[in-house]
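# Observations on chain architecture
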Amino acid sequence: DYRIQVGLYSSQESAKERLTVLRWTTRSQYTLDLGSVTVKGRDRTYTVPKIPRAQPVRFGTGIRLLGYGLIKQDTPGGGATVHLTLYLQALATMDRSYTVFTHLLDSQSRTWAQEDATPLHGAASTTTWLAGEVITDEFVLVTKPGAPPGEYDLEIGFYDSGSLQRLAVFDDGGSVLGDRVLLLDKVRLGP
């Protein structure tokens, strides 16, 4: 639990003095009490859940994709909503907050749906991950209007939102696979 207080001081360099707070007609020292807040940590797990589709790869030195789950719901007009669940594991602590990108690509690598987000939609920055922790992260990709029928790839990866630099992807043998992963399953739109 934390107390929130606010106060003011003179901005003149020669005389940085705190200003007295007047509450109605009563002096109340140098701060005004705004109340309290409770800061709660998020739940953490180190147990690997049952993963619908295993696809182990490593992003940089700190993140492992264990696998994913995929559910597609057709929408009127030939489009779809794709529910993608990524099962990730922290291999080490990280000093940067990485953003996850998820893209639905046609055969010409055009993006027809995407969702980019800090893990758990901002609730689990990679800088807060602990080694061994398992993160189950969900994404919803809604196809753009006019998406043509056919098979689509799902690509995922991580990037630094400041520099847009993507993390390299490695297989279990340590070979570089690029800066993205194409998931094993394709998504079919239309008939």
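Notes on the structure in this doc start here.

Reading guide: rules and limits
Residues numbered from 1 in each chain as written. Predicted model: local features only at pLDDT ≥ 70, side-chain atom pairs only at ≥ 80, totals over all residues. Heavy atoms only, no water. Pairing = 2+ DSSP bridges. Helix = DSSP H or I, 4+ residues; strand = E, 2+ residues; numbered from the N terminus. Core = buried A, V, L, I, M, F, W, Y, C linked by side-chain atoms within 4.5 Å. Buried < 20%, exposed > 50% of the residue type's maximum accessible area, 1.4 Å probe, protein only. Contact = heavy atoms within 4.5 Å. Patch = residues over 30% accessible without salt bridge, like charges linked within 9 Å, V, L, I, M, F, W, Y side chains within 5 Å. Areas by Shrake-Rupley, 256 points an atom, 1.4 Å probe, with all protein chains shown as cover. Salt bridge = Lys/Arg side-chain N within 4 Å of Asp/Glu carboxyl O. Phe/Tyr/Trp six-rings, centres within 6.5 Å; stacked < 30°, edge-to-face > 60°.

### Points about the sheet that holds strand E6 (residues 63-74)
Taken together, the six strands give an open sheet; going across it, the order is E10-E7-E6-E5-E12-E13, and neighbouring strands pair in antiparallel fashion. The open sheet has two edge strands with one neighbour each: strand E10 (134-142) and strand E13 (176-178). For strand E5 (residues 53-59) and E6, the ladder comprises five bridges, and the chain directions are antiparallel. Looking across to E6, one finds that Arg-53 is bridged to Tyr-68.

### Concerning the nonpolar core
Core analysis: the largest hydrophobic core is formed by 34 residues, its most contacted members being Phe-59 and Leu-86. Listing elements by their share of this core, those giving two or more residues are E5, E6, strand E7 (80-90), strand E8 (98-105), strand E9 (111-117), E10, strand E11 (150-160) and strand E15 (187-189). For this core, the element with the highest residue contribution is E7, accounting for six residues. Every residue in contact with Leu-86, bar those within four places of it in the chain, is listed here: Leu-65, Gly-67, Tyr-68, Val-100, Thr-102, Ile-135, Thr-136, Asp-137, Phe-139 and Ile-156.

### Describing a nonpolar patch on the surface
Together, Tyr-2, Ile-4, Val-6, Leu-34, Val-37 and Val-39 line one region of the surface with nonpolar side chains, adding up to about 550 Å² of accessible area. Secondary structure elements with two or more residues in the nonpolar patch: strand E1 (2-6) and strand E4 (32-37). Broken down by element, the nonpolar patch gets its largest block of residues, three residues, from E1. Structurally, Val-37 can be placed in strand E4. Given a relative accessible area of 36%, Val-37 falls into the partly exposed group.

### What to know about unusual backbone geometry
Unlike most non-glycine residues, Leu-120 shows phi in positive territory, near 55°. Within the fold, Leu-120 resides in the loop between E9 and E10. The class for Leu-120 is partly exposed, based on a relative accessible area of 30%. The phi dihedral of His-121 is positive, around 50°, even though this residue is not glycine. Relative to the helices and strands, His-121 resides in the loop between E9 and E10. For His-121, a relative accessible area of 52% puts it in the exposed group.

### Comments concerning the packing of aromatic side chains
With the rule as written, the count across this model stands at two aromatic pairs. Arranged with centres 4.9 Å apart and planes meeting at 65°, the rings of Phe-59 and Phe-158 form a pair that is edge-to-face. Here the residue Phe-59 occupies a position in strand E5, and Phe-158 occupies one in strand E11, the gap between them amounting to 99 residues. A ring pair is formed by Phe-101 and Tyr-159, whose centres lie 6.2 Å apart and whose planes are at 35°; its orientation type is tilted. Placement of Phe-101 in strand E8 and of Tyr-159 in strand E11 is noted, with a sequence separation of 58 residues between them. Taken as a pair, Phe-101 and Tyr-159 share a single burial class, namely buried.

### What to know about the pairing of E11
With ten of its eleven residues buried, E11 lies for the most part within the structure. Sheet analysis places E11 next to E15, joined by three bridges and oriented antiparallel. Bridge pairing links Glu-151 to Arg-188 in E15.

### Considerations on the environment of Thr-126
Considering the arrangement of structural elements, one finds Thr-126 in the loop between E9 and E10. Sequence separation of Thr-126 and Ile-63 is 63 residues, and the distance between their C-alpha atoms is 8.8 Å. In this structure Thr-126 touches Ile-63, Met-94, Arg-96, Ser-97, Tyr-98 and Pro-119, once residues within four positions along its chain are discounted.

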